[in-house]
Every structure is written in C-alpha cells, then in structure tokens.
Amino acid sequence: MLIELGAVVLGLGLAGRLAGRLGLSPIPLYLLGGLAFGVGGLLPLSASEDFFHVGAEIGVILLLLMLGLEYSASELVDNLRRQYPSGLVDFVLNALPGAVAALLLGWGPVGAIALAGVTWISSSGVISKILTDLKRLGNRETPVVLSVLVMEDLAMAAYLPLLTATLAGLGLAGASVTLLVALGTAGGVLYLALRHGRIISRAVASDNPEMLLLVVLGLTLLVAGVAERVQVSAAVGAFLVGIALSGEVAHRARGLMTPLRDLFAAVFFVFFGLSTDPGEIPAVLVPALLLALVSTLTKLVTGWYAAGRAGIGPRGRIRAGGALVARGEFSIVIAGLATGVEPRIAPLATAYVLIMVILGTFTARYAEPAATRLLPRVFGGPAGPAGRTAPAVVPGPGEVAAGVAPAPFPGGGEPLGGHPHEPGPVSDTARAGVRGAEGGGHGRPDGDRDGA
C-alpha cells in the first residue's frame, strides 16, 4: 500500500508541475492518471483502494470548506440580493443543455437532474486559478464573475440535498423534506454567522496553528458527517462551517487548510478516474463534445448578461463569459453521486470535464482578443499584442477610494476602470473584489485559492 500511495502522490506532484509549465489546470492530468491506473487501465491499483475512497470523501469536504472560508455571511446575502437575476439566467441557460442531453440519451428524470448540475456549475477552483494567473483580480468584471460563482455555491446548498434524495428514491415528499431541512439549516447557519459570527470565531480561534488546524478540521468532519446522516449533503455541511467562520480565524484557517485541500482534492480527482473505465469514454466522446460546445456558448452569454447588468463595456463582458466556461470539481462531485444510479454518467462527465477545463483555460485567455478581431466595431478595435500596455486612463473616484490605480493588462485588456473609453466609479462589489485580490479579510479569492 505504501508503495502504491508513494508512487501516486509523487505522480500527482510531477503532473501538477507539468500542468503549471503548460499553463493549464492540473485537474485533467489527475483524471487521466486515475483512468490509467483504475478499472480497465494500464496498471490497476488494488492495495490502496480503501485509502482513495476515504480520501476522496475528505477531498470533497475540504473543497467546500475552503469555498465557504472565502466568503462572509454578509457578502453572501449581499450577492444574493444584488445578483439573483444573473443567477437565474445562469441556471436556465446552463442546466438546460445537460437535462435535455440526458433525456435524449434515455437516462430518465434522475439522470436529467444530475447531468443538469454537471453542465450548470462552473469550477470556482479552476476559475480563481485562471484569474490569478492572468492578473485579472483587479479587473472591473472580476467581481461579477465572483458573484456568479457565489450564486452557484449557494445553489449547491439546495441542489445537492435534492439530488441525494432523488438518487435515494425518496420520492417527491421525501425530497421536499430533505430540501426544507437543507434550506432551514443553511438559513440558520447564515443567521448565526451574521448575528454571532464573532462568538463562533472566538470559540474556534487559537494562537497555536496545530490546535487551530485540529479544531477546524475536526469540526468540519463532524458537521459533514451529521449533515450526511440527516440526508443533507456532507459537502453542504462543510460549506456552512466555512461560512460560519470569519475574520482573522478564517484567514489563518485558509492558510493552514490549503495544503490539505490540495492533497485530498487531488486524491478525489484520481479516485473518480480510478472508478471510471476508460474503455467507456470513446462511446460518449461525441455527446461530450457537443455538450461542451453548447455549454461554452451558454456560459459566454451568461457572463455577457451578468457583466452588462453591472454597466461593464463589451470587452469586459466577453472576458467575464470566457472566464466562466471552465467546469471541474462540482461537476465531478455531482457525477460521482449519480454513478450508482446511472453508471453511464461517469464516463460522460469525465470526458466533459477534461474538455471544459482545457477549453475554459483558452476561452478565459483568448475570448477577448478573438472577439475584438472578429467584431472590431463592437469591441472598440483589435486588442493589442500580449504584454502591451493598455491605454492610460484617469482613475475615477471609486478607483481612488479603492486605492487601486488602473494597471496594464496583458493581452490587450483594459484596466480596472473598464473599457479605455468607460472611466467611472467602481461599485462596492468591485471594491470588495479588490480587497479580496489583495488577500485581506474574509472575502474574494486570493493567492491562496489556486484550485485543486
């Protein structure tokens, strides 16, 4: 077992380094590694199977915990109030392709609900990694992208319990009870976090990093286990623990938990690959490609609409859509839950995520340059070459208040103020995004949130 574990972990590290050199997320390489050493692969692993099964469950829990730690309860409520129209558009445009595809493939209502989630949810981890690598955390459209991701994270608190109940065959009444319990729990945690977040954080806080790590990890696993026992997703329980912590405790917990998150999240992706027979992927490759094409277009439309509501110009709107394309950890989590009822969803989801992670990296980087060259009248002329300094603009009062001057953007993008011809104040949401980009407080993704 130790030989297998050592070889796998070493392989993950080398795969991550290779992905970094290629400018890609390591998730596709983790999935490919799992396919190579799983059922029907080149060299199936057997001695360490139990470890990967338990490690994969911990990986999902830590992914959701870290997402919860990125946001405060007040930010979640504010985003829900401001951005719910964008969230509804996101849901309709991106869940519909998956649901229709499942029905056309003859998977029935349960498969439709599961595949709708696979195509709906963008990858917060991959997208935050992309935004960090492209130095876009200070861009004006970035808070809009983050708001859409927050809406999706919140929706998971209702969707995952509903999916779990449906997969368990509880029927309409049982699913309704599970959904009500999940929503009541989420609402109660948000209320406690808003009213008594400081008390909870003080109870967990410790100056000793070892004690803080043990308390946060133990509390997360305990709450996740209890949530699963009452038919609420363990992942949602972990997310709510992250929401309940705030301030300095959340900041320190992120630093301590990030290495654990990265390790067990990698194990989770490998385990999903291990449990998927690569021989089944060619049969679903064409549906996966068609689904990828359609859901790429729908995410571009989602970003265009959401950024347009915030008053952002065409170039920022197309960048927002391109950034939202990538799917990843949530799609695999949903497919993993549904595999027991509909085994065919696993190979399709694996192929789909492999395509979307790679495609999302390119759309985030090249959607704007491609659009400005194809439609120069709409996007204000062609983008400059990579590394070219954007035209200087005078910062608006909101930018001065945020303490951020417009910065050059590689690849011909515009600075924080938006389009070079659209200077003006930045919203409160944008200031919050800038604070998160600077790594302070309990807010937006920063350098710690590099994805799995």
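Higher on the page you've got the structure.
Residues numbered from 1 in each chain as written. Predicted model: local features only at pLDDT ≥ 70, side-chain atom pairs only at ≥ 80, totals over all residues. Heavy atoms only, no water.

Participant: I would appreciate a short explanation of the side chain of Thr142 in the present structure.
Facilitator: Along the chain, Thr142 falls in helix α7 (residues 142-167). At a separation of 2.4 Å, a polar atom in the side chain of Thr142 contacts the main-chain carbonyl oxygen of Arg136. (Helix = DSSP H or I, 4+ residues; strand = E, 2+ residues; numbered from the N terminus. Polar contact = N/O pair within 3.5 Å; in protein donor to acceptor, adjacent residues only side chain to side chain.)

Participant: Could you clarify how one ought to interpret the environment of Ala323 in this entry?
Facilitator: Its location among the elements puts Ala323 in helix α13 (residues 314-323). Look at Ala323 and you get buried, because its relative accessible area is 3%. Considering only alpha carbons, one finds Ala323 and Ser122, 201 residues apart in sequence, at a separation of 9.4 Å. With residues near it in sequence (within four places) discarded, Ala323 still touches Ile127, Leu131, Val145 and Ala364. (Buried < 20%, exposed > 50% of the residue type's maximum accessible area, 1.4 Å probe, protein only. Contact = heavy atoms within 4.5 Å.)

Participant: Mind showing me how you'd approach the packing of aromatic side chains here?
Facilitator: The geometry of an aromatic ring pair is captured by the separation of the ring centres together with the interplanar angle, meaning the angle of the planes. Across all of its chains, the model carries four aromatic pairs by this definition. Both rings, one in Phe362 and one in Tyr366, keep their centres 6.1 Å apart while their planes meet at 25°; by these two values the pair is stacked. Of the two residues, Phe362 and Tyr366 both sit in helix α15 (residues 345-374), four residues apart, roughly one turn of that helix. One aromatic cluster is present, built from ring pairs that chain together Phe91, Trp120 and Tyr159. (Phe/Tyr/Trp six-rings, centres within 6.5 Å; stacked < 30°, edge-to-face > 60°.)

Participant: So what exactly am I meant to see when it comes to the nonpolar core here?
Facilitator: Across soluble globular proteins, nonpolar side chains show a tendency to be buried alongside one another. In this structure, Leu31, Leu64, Leu65, Leu115, Val145, Val216 and Ile334 are the most contacted members of the largest nonpolar core, which totals 106 residues. A per-element tally of this core places helix α11 (residues 247-274) first, with 13 residues. Among residues more than four places away in sequence, those in contact with Val216 are Leu65, Val204, Leu245, Ala253 and Met257. (Core = buried A, V, L, I, M, F, W, Y, C linked by side-chain atoms within 4.5 Å.)

Participant: I tried to follow the pattern of salt bridges on my own but got confused; where do I start?
Facilitator: Opposite charge on two side chains makes pairing possible when the charged atoms of those side chains draw close. Scanning the entire structure with this criterion turns up six salt bridges. The closest approach of N and O atoms between Glu152 and Lys299, which form a salt bridge, is 2.7 Å. Highlighted residues: Glu152 in helix α7 and Lys299 in helix α12 (residues 281-309), separated in sequence by 147 residues. The residue Arg315 makes a salt bridge to Glu368 at a minimum N-O spacing of 2.8 Å. You can see Arg315 sitting in helix α13 and its partner Glu368 sitting in helix α15, a full 53 residues away along the chain. Just as Arg315 is buried, Glu368 falls in that class too. Linked through salt bridges whose partners overlap, the residues forming this network are Glu141, Arg315, Arg319 and Glu368. (Salt bridge = Lys/Arg side-chain N within 4 Å of Asp/Glu carboxyl O.)

Participant: Would you take a moment to explain the side chain of Thr363 for this structure?
Facilitator: Mapped onto the elements of the fold, Thr363 is located in helix α15. When near neighbours in sequence (up to four residues on either side) are disregarded, Thr363 contacts Thr296, Gly322 and Val325.

Participant: Sorry if this is basic, but what is going on with helix α9 (residues 209-229) here?
Facilitator: For an α-helix, 3.6 residues make a turn, and residues three or four places apart therefore share a direction. The terminal C-alpha atoms of α9, which comprises 21 residues, lie 30 Å apart, in line with the 30 Å expected from a rise of 1.5 Å per residue. Residue Asn208 occupies the N-cap position of α9, its side-chain oxygen lying 2.9 Å from the main-chain nitrogen of Glu210. (Expected span 1.5 Å × (residues − 1).)

Participant: I tried to follow the packing of α9 against helix α10 (residues 234-244) on my own but got confused; where do I start?
Facilitator: Between two packed helices, both the angle of their axes relative to each other and the distance between the axes serve to describe the pair. It is at 7 Å that the axes of α9 and α10 come closest, and there the two elements cross at 140°. For the element pair α9 / α10, the angle class is oblique. At the point where α9 passes α10, the crossing takes the right-handed sense. Here α9 contributes Leu219, Thr220, Val223, Ala224, Ala227 and Glu228 to the contact with α10, which in turn contributes Ala234, Gly237, Ala238 and Val241. (Axes fitted to C-alpha atoms, helices over the stretch in contact; angles between N-to-C directions. Parallel < 35°, antiparallel > 145°, perpendicular 65-115°, else oblique. Left-handed = near helix turned anticlockwise from the far one by under 90°.)

Participant: Would you take a moment to explain the environment of Thr142 for this structure?
Facilitator: Look at Thr142 and you get buried, because its relative accessible area is 2%. If sequence neighbours within four positions are ignored, Thr142 has contacts with Leu131, Arg136 and Leu137.

Participant: I would appreciate a short explanation of unusual backbone geometry in the present structure.
Facilitator: Negative phi characterises most residues that are not glycine, and trans characterises most peptide bonds. Phi angles above zero are rare outside glycine, and Lys135 is one such case at about 55°. Exposure remark for Lys135: the relative accessible area of 64% places this residue in the exposed category.

Participant: How should α7 be read in this particular structure?
Facilitator: In this model, α7 (26 residues) spans 36 Å end to end at C-alpha, consistent with the 38 Å of a helix rising 1.5 Å per residue. Approximately 35° is the largest bend angle found in α7, and it occurs at Met156. Across the 26 residues of α7, 21 count as buried, placing the element largely inside the fold. (Bend = angle between axes of the 7 residues up to and from the residue.)

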